[in-house]
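Each chain, written out:
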Amino acid sequence: MKAIIGGTGVDTLEGIDSERQVVNTPYGDVALFVGKGKDASLVFLPRHGSDHSILPHLINYRANVKALEILGVTHAIGIYAVGSITEKLAPGKVGLVSDFVDLSSGREHTFYTGGERGVVHTSMDEVFDATLKAKILKEDESLLDSGVYICTNGPRLETPAEIRYLRCIGGDIVGMTLATEVSLLREANISTLALAYSINWAAGIEHEHVTFITDEQIASLKGSMTELCCNVLQSS
Ligand code: HPA
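Residues numbered from 1 in each chain as written. Predicted model: local features only at pLDDT ≥ 70, side-chain atom pairs only at ≥ 80, totals over all residues.

A. Representation of the overall build of the protein chain in the model. Counting its secondary structure elements, the protein chain contains five helices and nine strands. Helices (α) and strands (β) of the protein chain occur, in sequence order from the N terminus, as β-β-β-β-α-β-β-α-β-α-β-α-β-α. In terms of overall size, the protein chain behaves like a compact globule, its C-alpha atoms giving a radius of gyration of 17 Å where 236 residues would be expected to give roughly 18 Å. Here the protein chain holds 236 residues, and the buried ones make up 42% of them. Long-range contacts, defined here as pairs at least 24 residues apart, represent 81% of the contacts in the protein chain between residues at least 6 apart. (Helix = DSSP H or I, 4+ residues; strand = E, 2+ residues; numbered from the N terminus. Rg over C-alpha atoms; globule rule 2.2 N^0.38 Å. Buried ≥ 20, exposed ≤ 12 C-beta atoms within 10 Å, placed from the backbone. Contact = placed C-beta atoms within 7 Å.)

B. Fine view of the site of the ligand. Taken together, A81, V82, G83, T152, L157, E158, V174, G175, M176, I199, N200 and A202 form the complete shell of residues around the ligand. Secondary-structure elements contributing two or more residues to the shell around the ligand are β5 (75-84), β8 (173-175) and β9 (191-201). Ranked by residue count, the leading element in the shell around the ligand is β5, at three residues. In terms of residue class, the shell around the ligand is built from seven nonpolar, four polar and one charged. (Near = placed C-beta within 6 Å. Nonpolar A, V, L, I, M, F, W, Y, C, P; charged D, E, K, R; others polar.)

C. Layout of the UniProt feature "domain: Nucleoside phosphorylase" (unreviewed entry) in the protein chain. Residues annotated in UniProt with the feature "domain: Nucleoside phosphorylase" (unreviewed entry) correspond here to residues 3-219. Secondary structure content for residues 3-219 is 20% helix and 30% strand, while the C-alpha to C-alpha distance between its ends is 20 Å. (UniProt positions renumbered as here; feature names shortened; annotations may be inferred.)

D. Geometry of the pairing of strand β3 (residues 28-35). Looking at chain direction, strand β2 (residues 18-25) and β3 are connected through eight bridges and run antiparallel. If you follow E19 over to β3, its bridge partner there is V34. Linking two consecutive strands that pair antiparallel, namely β2 and β3, is a turn of two residues. Where β3 lies against strand β4 (residues 42-46), two bridges are found, and the strand directions are antiparallel. Paired with V34 across the bridge in β4 is V43. Hairpin connection between β3 and β4: a loop of six residues separates the two successive antiparallel strands, and G37 in this loop has a positive phi of roughly 60°. (Pairing = 2+ DSSP bridges.)

E. Structural view of the packing of helix α2 (residues 130-139) against helix α5 (residues 215-234). The geometry of α2 relative to α5 is characterised by a closest axis approach of 10 Å and an angle of 125° between their N-to-C directions. Here α2 is positioned oblique relative to α5, judged by the angle of their axes. For α2 against α5, the interelement crossing comes out right-handed. Facing L132, K135, I136 and E139 of α2, the residues of α5 in contact are L228, N231 and V232. Split by residue class, the contact of α2 with α5 holds four nonpolar, one polar and two charged. (Axes fitted to C-alpha atoms, helices over the stretch in contact; angles between N-to-C directions. Parallel < 35°, antiparallel > 145°, perpendicular 65-115°, else oblique. Left-handed = near helix turned anticlockwise from the far one by under 90°.)

In structure tokens, the structure reads:
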């Protein structure tokens, strides 16, 4: 079983015949969509809920990832809306995330909390799956390298001074969800790839005020990104 995890602007998956299913996990219930017929090996999880009502710092990441684990998901591609700090990924563009820095706080970010599960320090030296990466690049050679994702806690956007700082520490793009989600996916031993799509220049970059790309642009990116993910996951 393979999964697509969608975020802002990618709350539904069109073109795949799927059934809503609620999975009970020790961390809470998760509603997701399981493909039917020829797409039976595909799960779509809208991380903010299907009505996009859950803020990044309030997402139940552990329940989401545990639900995928319970369904037997082995590979997942996450889609993340980001702000651009460097020109590696301008607004309206899609690229592969190469690494991340986690600056989020106060979240339930691990399955290892002591007790019976023991003391485990999951390796993060190869965060993203090389085989999935090779497959996606074969499918779309023009896919950009969107660089290093900095995960802030949100839900507020950053100040221009914070963005200058994030640039200094090696950040190319900024978002509020990837680090927590990907850390848990790695702990659950689910092979992962992250597609970032930029919806704005980050604060203080290029424009005086943060402005977002249009809903029509987001909808068009959504179509091409989800199609790409489906092709890659169904061929692996
Ligand atoms: N900052 C943080 N998260 C984001 C942004 C941003 O500018 N754009 C989209 N997600």
